[in-house]
Amino acid sequence: MRIAVEGCMHGDLDNVYSTLRYLEKVENTKIDLLICCGDFQAVRNEKDLESLSVPPKYRSMNSFWKYYSGQEVAPFPTIFIGGNHEASNYLWELYYGGWAAPNIYFLGFAGVVKFGNIRIGGLSGIYNQRHYHLAGHYERPPYNERDIRSVYHVREYDVHKLMQVEEPIDIFLSHDWPCGITDHGNWEELVRYKPFFKAEIQERTLGSKAAAELLEKLKPSYWFSAHLHCKFAALVQHGEVGQVTKFLALDKCLPGRNFLQIVEIETVPGPYEIQYDEEWLAITRRFNSIFPLSIHRANLGGAQVGMKDCRDWVRSRLLTRGVRPFDFVRTVPCYDPSQSVSSSCFSGHHRNPQTEFFLQFLELPYLLDNTLESRDPTHSPVSLISRDDYSEDIPIDDVDEMEELAEINDGETKNE
């Protein structure tokens, strides 16, 4: 199986897919799957841009809308996780995972799926210590100025579910890097390219502590990340004679940058398709009763249903229904370049039929539009947030690279 791994997509699906088609042609090979490590930017229309945590002048429709509308179809099965620059309102519709567009699957805020007999797990978002330990998923669309910059922060509840996985994981995805991963690669070369990383590496603050815990627990064969807009490889030996994890972080899609890597994995012959994972569905069913929907953290010891009972129940349900995810459904009108969209349209939360069918299948209640506590400023978790917390959300060089991309685009326009 040949898997293409991409760093930060930033909505540039057209260029990534055309690059892969070109590679297939010149190398006379076949790509079976594309994996994206976050900042996918599944923006369906202009209203979604309001939930994208970037300065307004950098908000752009890019090309995902073409695949959402059906104007284009993804030429490769595509699996992605969320980062810190996302249409967060849309990803919240698909909290448990689902088709963001035909042939393009969002792994959820945390999730595990199978592709053939390869198990792929992932964690969306980036790590923020205060939100991780002290908050649940309290944000609801339409997001205010604070919530738009916290909704993508990883929560302990989602990591706790992933920590329950016992069966081997072949590939794991995170947007930010596991903390301490630089100990296992050539960090001196990294800081020559990104000198401002040196202090964080020495202070052991570069990366996600939650991802580091998952790396130690899950020990996947491969771990792919993005976020810091550079390529970095590492080899993690778990114990003296234990499992080895091959780590690779990739850049974002820009000319001359290392944003793609092809990985070949031994597996059974195809064809392959994305399927539900039995163990993960059992974990989801077991822990949904303690889903934290307010500013307060989850009671992680509150799940009462035994894992074996959940597993047996899920297995029976899958035997009856099958393992393919529920079909893609559009929930809002897609972007039309010939028309403008009123700012009064499409605000708030949309119940995605995929999510409703998924929860009905697992006999779980729909909770994503619940608001258990007021979002009045007197109840908002201001104490959890300081202005300095946001410095970790966007890499130091990110704005400069946006300017660089704008200059490239301007140059191309002038040459046309």
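Just so you know, these numbers come straight off a predicted model, no measurement behind them.

Draft legend 1. Representation of helix α8 (residues 209-218) within the structure. When α8 is considered as a whole, its buried residues turn out to be Ala-210, Ala-211, Leu-214, Leu-215 and Leu-218. Angular distribution of buried residues about the axis of α8 spans 140 degrees; they occupy a single face of the element. Here α8 starts with a cap whose side-chain oxygen sits 3.3 Å from the backbone nitrogen of Ala-210, and that cap is Ser-208. The positive-phi residue at the C-terminal boundary of α8 is Lys-219, with phi of around 50 degrees.

Draft legend 2. Just the nonpolar core, in detail. Ranked by size, the top nonpolar core spans 129 residues in total, and within it Phe-64, Ile-104, Ile-120 and Ile-171 carry the most contacts. Among residues more than four places away in sequence, those in contact with Ile-104 are Leu-13, Tyr-17, Phe-40, Phe-64, Tyr-67, Ala-74, Thr-78, Phe-80, Gly-98 and Trp-99.

Draft legend 3. Spotlight on the pattern of salt bridges. Under the definition given, this model contains 21 salt bridges. Its salt-bridge partner being Glu-278, residue Arg-311 comes within 2.5 Å of it at the nearest N-O pair. Here Glu-278 lies in helix α9 (residues 278-287) and Arg-311 lies in helix α10 (residues 307-321), a separation of 33 residues in the sequence. In this structure Arg-311 comes out as buried when scored by relative accessible area, which is 18%. Salt-bridge contacts for Asp-369 lead to Arg-351; the nearest nitrogen and oxygen are separated by 2.8 Å. Here Asp-369, found in the loop between α11 (353-361) and α12 (398-415), pairs with Arg-351, found in the loop between α10 and α11; they are 18 residues apart in sequence, far enough to count as distant. Salt bridges sharing partners connect three or more residues here, namely Glu-167, Glu-278, Lys-308, Arg-311, Asp-312 and Arg-315.

Draft legend 4. View of the sheet that holds strand β8 (residues 171-174). Taking strand neighbours across the sheet as the criterion, the seven strands line up as β10-β11-β9-β8-β7-β6-β13 in an open arrangement whose pairing is mixed. Here the strands that pair on one side only, and so sit at the sheet edges, are β10 (232-237) and β13 (274-276). Averaged over all pairs of adjacent strands, the angle between strand axes in this sheet comes to 25 degrees, irrespective of strand direction. Relative to β13, strand β6 (residues 110-115) is paired through three bridges, and the arrangement is antiparallel.

Draft legend 5. Molecular detail of unusual backbone geometry. Put simply, Pro-141 and Pro-142 share a cis peptide bond, and its omega is -5 degrees. Looking at the secondary structure, you find Pro-142 in the loop between α4 (129-134) and α5 (156-162). Cis geometry is adopted by the peptide bond preceding Pro-271, which originates at Gly-270 and carries an omega value of 5 degrees. You can see Pro-271 is positioned in the loop between β12 (260-264) and β13. Phi is positive for Gln-41, close to 65 degrees, though the residue is something other than glycine. Relative to the assigned elements, Gln-41 resides in the loop between β2 (33-36) and α2 (64-69). Despite not being glycine, Asn-103 has its phi angle at roughly 70 degrees, a positive value.

Draft legend 6. Structural detail: the packing of α9 against α10. With their axes 8 Å apart at the nearest point, α9 and α10 run at an angle of 120 degrees to one another. Looking at the two axes, α9 sits oblique to α10. In terms of crossing hand, the pair formed by α9 and α10 is right-handed. Across the interface between the two elements, Glu-278, Glu-279, Leu-281, Ala-282, Ile-283, Arg-285 and Arg-286 of α9 pack against Met-307, Cys-310, Arg-311, Trp-313, Val-314, Arg-315 and Leu-318 of α10. Across the contact of α9 with α10, the residue classes tally to eight nonpolar, no polar and six charged.

Draft legend 7. Broad picture of α11. Considered for burial, the residues of α11 that qualify are Gln-354, Thr-355, Phe-358, Leu-359 and Phe-361. Buried residues of α11, seen end-on, are gathered within an arc of 155 degrees and therefore sit on one face of the element. In this structure Asn-352 caps α11, since a side-chain oxygen of it lies 3.0 Å from the backbone nitrogen of Gln-354. A positive backbone phi angle near 55 degrees is found at Glu-363, which sits one or two residues after α11.

Draft legend 8. Fine view of the packing of aromatic side chains. Considering all chains together, one arrives at 31 aromatic pairs under this definition. Centre to centre, the rings of Trp-65 and Tyr-335 are 4.9 Å apart; their planes meet at 80 degrees, and the pair counts as edge-to-face. Of this pair, Trp-65 sits in helix α2 while Tyr-335 is found in the loop between α10 and α11, placing the two residues 270 residues apart along the sequence. Residue Trp-65 is classed as buried on the basis of its relative accessible area of 8%. Ring geometry for Trp-177 versus Phe-247: centroids 6.0 Å apart, planes at 65 degrees, classification edge-to-face. In this pair, Trp-177 is assigned in the loop between β8 and α6 (187-193) and Phe-247 in strand β11 (residues 244-249), connecting sequence segments 70 residues apart. Of the two residues examined, Trp-177 and Phe-247, each falls in the buried class. Each member of the aromatic cluster is reached from another via a ring pair, and the members are Trp-92, Tyr-95, Tyr-96, Phe-109, Tyr-157, Tyr-276, Phe-291, Phe-326, Phe-357, Phe-358 and Phe-361.

Draft legend 9. View of the pairing of β8. A two-sided burial pattern is seen for β8, the buried positions comprising Ile-171 and Leu-173 on one face and Phe-172 and Ser-174 on the other. Examined bridge by bridge, strand β7 (residues 118-123) and β8 share four bridges and lie parallel to one another. By the bridge assignment for β8, Leu-123 is matched with Ser-174. Bridging between β8 and strand β9 (residues 222-225) involves three bridges; their strand directions are parallel. From the neighbouring strand, Leu-173 faces β9, where its bridge partner is Phe-224.

Draft legend 10. Geometry of the environment of Ser-69. In this fold, Ser-69 is placed in helix α2. Put simply, Ser-69 and Asp-336 are 267 residues apart on the chain and 9.4 Å apart in space, counted from C-alpha to C-alpha. Setting aside its immediate chain neighbours within four residues, Ser-69 contacts Arg-330 and Cys-334.

The rules behind each value
- Residues numbered from 1 in each chain as written.
- Predicted model: local features only at pLDDT ≥ 70, side-chain atom pairs only at ≥ 80, totals over all residues.
- Heavy atoms only, no water.
- Buried < 20%, exposed > 50% of the residue type's maximum accessible area, 1.4 Å probe, protein only.
- Helix = DSSP H or I, 4+ residues; strand = E, 2+ residues; numbered from the N terminus.
- Arc of directions from axis to C-beta.
- Polar contact = N/O pair within 3.5 Å; in protein donor to acceptor, adjacent residues only side chain to side chain.
- Core = buried A, V, L, I, M, F, W, Y, C linked by side-chain atoms within 4.5 Å.
- Contact = heavy atoms within 4.5 Å.
- Salt bridge = Lys/Arg side-chain N within 4 Å of Asp/Glu carboxyl O.
- Pairing = 2+ DSSP bridges.
- Axes fitted to C-alpha atoms, helices over the stretch in contact; angles between N-to-C directions.
- Parallel < 35°, antiparallel > 145°, perpendicular 65-115°, else oblique.
- Left-handed = near helix turned anticlockwise from the far one by under 90°.
- Nonpolar A, V, L, I, M, F, W, Y, C, P; charged D, E, K, R; others polar.
- Phe/Tyr/Trp six-rings, centres within 6.5 Å; stacked < 30°, edge-to-face > 60°.

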